[in-house]
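A structural walkthrough
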Amino acid sequence: MKVIITENYAEMSQKAAEIIIEIVKNNPNAVLGLATGSSPIGTYQNMIKDHQENGTSYKNVSSVNLDEYVSLTADHDQSYAYFMRTNLFDHIDIDQKNTNLPNGVASDLQAECDRYNKLLETLVPDVQVLGLGSNGHIGFNEPNTPFDAVTHPVKLTENTIKDNSRLFNSIDEVPRQALSMGIKNIMQAKSILMVVSGKNKAEAVKGMVQGKITPELPASVLQLHPFVTIVCDKDAASLL
Ligand code: F6R
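The present account deals with the structure reproduced in this document. Keep in mind that this is a model prediction, so the values were computed, not measured. (Residues numbered from 1 in each chain as written. Predicted model: local features only at pLDDT ≥ 70, side-chain atom pairs only at ≥ 80, totals over all residues. Heavy atoms only, no water.)

1. A short note on the sheet that holds strand 1 (residues 2–6)
What counts is decided by this rule: In this scheme, strands are said to pair when DSSP sees at least two bridges between them. Only DSSP runs of H or I covering at least 4 residues are called helices, and only runs of E covering at least 2 are called strands; the numbering of each starts at the N terminus.
Taken together, the 7 strands give an open sheet; going across it, the order is 1-10-9-6-2-3-5, and neighbouring strands pair in parallel fashion. Pairing within the sheet leaves two strands with one partner each, and these edge strands are strand 1 and strand 5 (99–100). Strand direction decides the pairing type here: strand 9 (residues 192–196) and strand 10 (residues 228–233), joined by 5 bridges, are parallel. Its bridge partner lying in strand 10, Met194 is registered against Ile230.

Structural data, given as structure tokens:
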């Protein structure tokens, strides 16, 4: 595990974007595994800036996202499909036909997870971007999710519903379920890039980097992956 500690969120975002841009420059057909949430927004902003200023092209890049809420359509402003369009896809030259997220309004959620798992057999991310839940979750793999889980419907924990309610008008509007890549899918990525900032993540960062490898802290599984880079600000790294 390589841990890069930065002064603040802005520097974290810059470093993380540089890593992704390098991968795309070296392989114009790269597959990017992407995440939503507050952590990667600055990274995506730096990728957009670089695209505009330096012309890095995503024309032949494909993407697979980690997860999506159940019950929100792709045009709902809290859906992860909407998040990805507004925070990244609409501002770079990626072909949106090559971008993929689980469909949270599929009539058969298990069949949708099966479709996504099949897709992930052919679209193996060159880099999987991750954020970290304050309880150590990655994707929506909450504590005690088995390490061999693949894409599956997830019941969100009270902790995650509370964390995510800041983006909704009220906590009652936060969906209670999501579809998420499993830990096994995440571990199949060729490399992993985690962005994490803030004091509220410090405990989870410590467990992930220095704690025992246990499903109780899903991110601890990353210790078993050969190519992981964690870019974290000094607040998130404060307990290391
Ligand atoms: C997002 C995702 C989640 C977030 C995590 C951290 O696609 O899968 O695991 O990465 O909840 O969220 P933020 O970055 O909002 O603190």
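2. Considerations on the site of the ligand
As a reminder, the rule being used: Any residue with at least one heavy atom within 4 Å of a molecule or strand is counted as near it. We define a polar contact as two N or O atoms separated by no more than 3.5 Å, with the added condition that, inside protein, one atom must be a possible hydrogen donor and the other a possible acceptor, whereas residues neighbouring each other in sequence contribute only through side-chain atom pairs. Note on areas: Shrake-Rupley with a 1.4 Å probe; residue coverage comes only from the protein chains shown. When residue character is reported, Ala, Val, Leu, Ile, Met, Phe, Trp, Tyr, Cys and Pro are called nonpolar, Asp, Glu, Lys and Arg charged, and the others, Gly included, polar.
What surrounds the ligand is a group of 13 residues, the closest being Ser39, Asp67, His137, Gly139 and Lys201. Between the ligand and Ser39, the relevant distance is 2.5 Å, taken from an oxygen atom to a side-chain nitrogen or oxygen of the residue. Here an oxygen atom of the ligand and a backbone polar atom of Gly131 are 3.5 Å apart. When the ligand sits alone it has 410 Å² of accessible area, and the protein chains cover 92% of it. Classifying every residue of the shell around the ligand by side-chain character gives 3 nonpolar, 7 polar and 3 charged.

3. Comments concerning the packing of aromatic side chains
Test applied: Here is the rule: rings of Phe, Tyr and Trp (six-membered ring for Trp) pair when centre to centre is within 6.5 Å. Planes less than 30 degrees apart are stacked, more than 60 are edge-to-face, and the remainder are tilted. With a 1.4 Å probe rolled over the protein chains alone, any residue whose accessible area is under 20% of its type maximum counts as buried; one over 50% counts as exposed, and the rest are partly exposed.
Across all of its chains, the model carries 4 aromatic pairs by this definition. Aromatic pair Tyr69 and Phe168: ring centres 5.8 Å apart, planes at 75 degrees, arrangement edge-to-face. One end of the pair, Tyr69, is in strand 4 (residues 67–69); the other, Phe168, is in the loop between helix 5 (158–164) and strand 8 (177–180), with 99 residues separating them in the sequence. Plain terms: the ring middles of Tyr80 and Phe140 are 6.1 Å apart, the flat faces sit at 10 degrees to each other, and that makes the pair stacked. With Tyr80 in helix 3 (residues 80–87) and Phe140 in the loop between strand 6 (127–130) and strand 7 (152–155), the pair connects residues that are 60 residues apart, well separated along the chain. Exposure remark for Tyr80: the relative accessible area of 10% places this residue in the buried category. By relative accessible area, which is 2% here, Phe140 ends up buried. Counting every residue linked through ring pairs, the aromatic cluster contains Tyr69, Tyr80, Phe140 and Phe168.

4. Considering the packing of helix 2 (residues 41–54) against helix 3
Using the following cut-off: Working convention: axes come from line fits to C-alpha atoms, limited for helices to the stretch in contact. Angles between N-to-C directions cover 0 to 180 degrees. An angle below 35 degrees is treated as roughly parallel, one above 145 as roughly antiparallel, one from 65 to 115 as roughly perpendicular, and anything else as oblique. Any two residues having at least one pair of non-hydrogen atoms within 4.5 Å are treated as being in contact.
Between helix 2 and helix 3, the shortest axis-to-axis distance is 10 Å and the interhelical angle comes to 40 degrees. Taken together, the axes of helix 2 and helix 3 lie oblique to each other. Judged by residue contacts, Ile41, Tyr44 and Ile48 of helix 2 engage Phe83, Met84 and Asn87 from helix 3.

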